[in-house]
Amino acid sequence: MSEYICNDCPRRCGVVRSQYYTPHAPMAGYCHTSLQPVVARAALHFWEEPCISGTRGSGTVFFTSCNLRCCFCQNASISTGGTGIPITVKRLREIYGELIAQGAHNINLVTPTPYTWAVRQSLEQPLPVPVVYNCGGYEAPETIDALRGKVQIYLPDLKYMDSALAKRYSGAADYPQAAAEAILRMYDQVGPYELDDDGILQKGVIIRHLILPGCVENTKAVIDWVRSHFADGQVLFSLMRQYVPCGKAADYPEIDRFLTDEEYDEAEQYLFDSGIEDGFVQEKDSASETFIPSFCGEGVLKSKKI
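Keep in mind that what you see is a predicted model, and the values were worked out from it rather than measured.

Before going further, it helps to spend a moment on the state of the cysteines. Taken as a whole, this structure holds zero disulfides when the rule is applied. C13 carries a free sulfur, and the closest cysteine sulfur to it, the one in C9, is 6.0 Å from it. On the basis of relative accessible area, C13 is assigned to the partly exposed category, the value being 39%.

Now the structure itself:
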């Protein structure tokens, strides 16, 4: 490859992406990373939705960097902090095999958008388990199209239907339109969700929404959009209560707090009244820093034989 001009997400930076990662050095584009995959953790993960984690865990690969960089990100040390280890595409493929050997129900790629070129290369040969594309929802249509046949499960956020909130907290005023188009494209690609006999998702779309403090009306708008675009049995919807003030939330006083019981009860009741029945809600104790993984490089480098 001589050069790679990146327009892989709706920001369409149009920059020439470096092929190799240079730690602690400025890199071009909004995501400030290379084409070379940079990974902070690769391990079995048990804190996803039950149909993803199952009993054996989801084989989760946490990538460094993000094309959204939300101010409240719970994974700020990797989304904006640069924590991670550069690896080759070959090593990325090996990681998939190691996680599958440990019993993973699927391979779960977390914030893969900055590395879609490497992800596509790593998935040239099909895996024996489903691949989960776990993203912030801010995706370019062409990127989703390029993943056809390589990804079986899409796990996007639908963070905002309010452009002002999207601009303030994620620097992406066009997020509602971009995410809506991307999610519809994801569904057109993989179709209605399918579970196996053990309740493990084999293909489909799970739309996630994290309720933000003081933003229940935004949550209601998200629920309305899902209800108006999908019928029963088509997608799963996950209403998330796990908000913890992280990242730069302290710079935004209105969200520098936990969700109140009243806010969650209002959002949950609105979901129940909407008629959406396929999906998940969270318990109050999900809002805890104990559920934030340690990005210590576990599983990233190949173990040496003694």
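Bringing the pairing of strand β6 (residues 107-110) into the picture now. On β6, burial covers both faces: I107 and L109 on one face and N108 and V110 on the other are all buried. Where strand β4 (residues 58-63) meets β6, four bridges bridge the pair, whose relative direction is parallel. Counted as the bridge partner of G59 is I107 from β6. Relative to strand β7 (residues 131-135), β6 runs parallel, the two being bridged by four bridges. Paired with L109 across the strands is Y133, a residue of β7. The β-α-β motif built from β6, the intervening helix α4 (residues 116-122) and the parallel element β7 has right-handed crossover chirality.

This brings us to the packing of aromatic side chains. Within this structure, the stated rule accounts for ten aromatic pairs. Ring geometry for F72 and Y169: centres 6.4 Å apart, planes at 75°, overall edge-to-face. Of this pair, F72 sits in the loop between β4 and α2 (76-79) while Y169 sits in helix α6 (residues 163-170), and the two are 97 residues apart along the sequence. Side by side, F72 and Y169 carry an identical accessibility label, which is buried. On the numbers, 5.3 Å between centres and 70° between planes, the contact of Y187 with F230 is edge-to-face. On the criterion of sequence distance, the pair formed by Y187 in helix α7 (residues 175-190) and F230 in the loop between α8 (216-229) and β11 (236-240) is long-range, its members being 43 residues apart. As far as burial versus exposure is concerned, Y187 and F230 are alike and both buried. The ring of Y30 carries R11 above its face, with NZ or CZ at 3.7 Å from the centroid.

Turning our attention to empty space enclosed by the protein. By the definition in use, this model includes three cavities of 30 Å³ or more. Taken together, 15 residues make up the lining of the largest cavity; nearest its centre are C6, C9, C13, R17 and C31. Looking at the lining of the largest cavity residue by residue, the classes come out as seven nonpolar, four polar and four charged. Of the volumes computed, that of the second largest cavity is approximately 80 Å³. Around the second largest cavity sit V226, R227, F230, A231, D232, G233, V235, F237, I276, E277 and D278, which together line it. Tallied by class, residues from the lining of the second largest cavity come to six nonpolar, one polar and four charged.

The next point concerns the pairing of strand β8 (residues 153-156). Burial along β8 is two-sided: the residues I153 and L155 and Y154 and P156 are all buried. When β7 meets β8, the two strands line up parallel, connected through four bridges. Within β8, the position partnered with V132 by the bridge is I153. This β-α-β element, β7 to helix α5 (residues 141-146) to β8, shows right-handed connectivity. When β8 meets strand β10 (residues 201-210), the two strands line up parallel, connected through two bridges. Paired with I153 across the strands is G204, a residue of β10.

Turning to its location among the elements, N67 is positioned in the loop between β4 and α2. Since its relative accessible area comes to 6%, N67 is described here as buried. A distance of 2.9 Å separates a polar atom in the side chain of N67 from the backbone oxygen of Y138.

A few words now on the nonpolar core. Core analysis: the biggest nonpolar cluster contains 78 residues, and V61, Y169 and I207 have the highest contact counts within it. With nine residues, α7 is the single largest residue contributor to this core. Setting aside chain neighbours within four positions, we find I207 in contact with P156, L158, I183, W225, V226, F230, V235, L236, F237 and S238. The next biggest cluster of nonpolar side chains, apart from the first, holds nine residues, and it includes C51, I52, V132 and I206.

Our focus in this paragraph is the packing of α8 against helix α9 (residues 261-274). The packing of two helices is summarised by the inter-axis angle and the distance between the axes. Here α8 crosses α9 at 15°, and the two axes come no closer than 10 Å. Comparing their axes, α9 and α8 come out roughly parallel. For the pair α8 and α9, the crossing hand works out as right-handed. Across the interface between the two elements, V216, E217, T219, K220, I223, D224 and R227 of α8 pack against E263, E266, A267, Y270, L271 and S274 of α9. When grouped by side-chain class, the residues that make up the contact of α8 with α9 number five nonpolar, two polar and six charged.

Here is what the cut-offs are and how they apply
- Residues numbered from 1 in each chain as written.
- Predicted model: local features only at pLDDT ≥ 70, side-chain atom pairs only at ≥ 80, totals over all residues.
- Heavy atoms only, no water.
- Disulfide = S-S within 2.5 Å.
- Buried < 20%, exposed > 50% of the residue type's maximum accessible area, 1.4 Å probe, protein only.
- Helix = DSSP H or I, 4+ residues; strand = E, 2+ residues; numbered from the N terminus.
- Pairing = 2+ DSSP bridges.
- Right-handed = clockwise from strand over helix to strand, strands pointing away.
- Phe/Tyr/Trp six-rings, centres within 6.5 Å; stacked < 30°, edge-to-face > 60°.
- Lys NZ or Arg CZ within 6 Å of the ring centre and 35° of its normal.
- 1 Å grid on protein atoms, 1.4 Å probe; cavity = no way out; pocket = protein on both sides within 12 Å on 5 of 7 lines; lining within 4 Å.
- Points joined across faces, edges and corners; volume = space filled by probe spheres on them.
- Nonpolar A, V, L, I, M, F, W, Y, C, P; charged D, E, K, R; others polar.
- Polar contact = N/O pair within 3.5 Å; in protein donor to acceptor, adjacent residues only side chain to side chain.
- Core = buried A, V, L, I, M, F, W, Y, C linked by side-chain atoms within 4.5 Å.
- Contact = heavy atoms within 4.5 Å.
- Axes fitted to C-alpha atoms, helices over the stretch in contact; angles between N-to-C directions.
- Parallel < 35°, antiparallel > 145°, perpendicular 65-115°, else oblique.
- Left-handed = near helix turned anticlockwise from the far one by under 90°.

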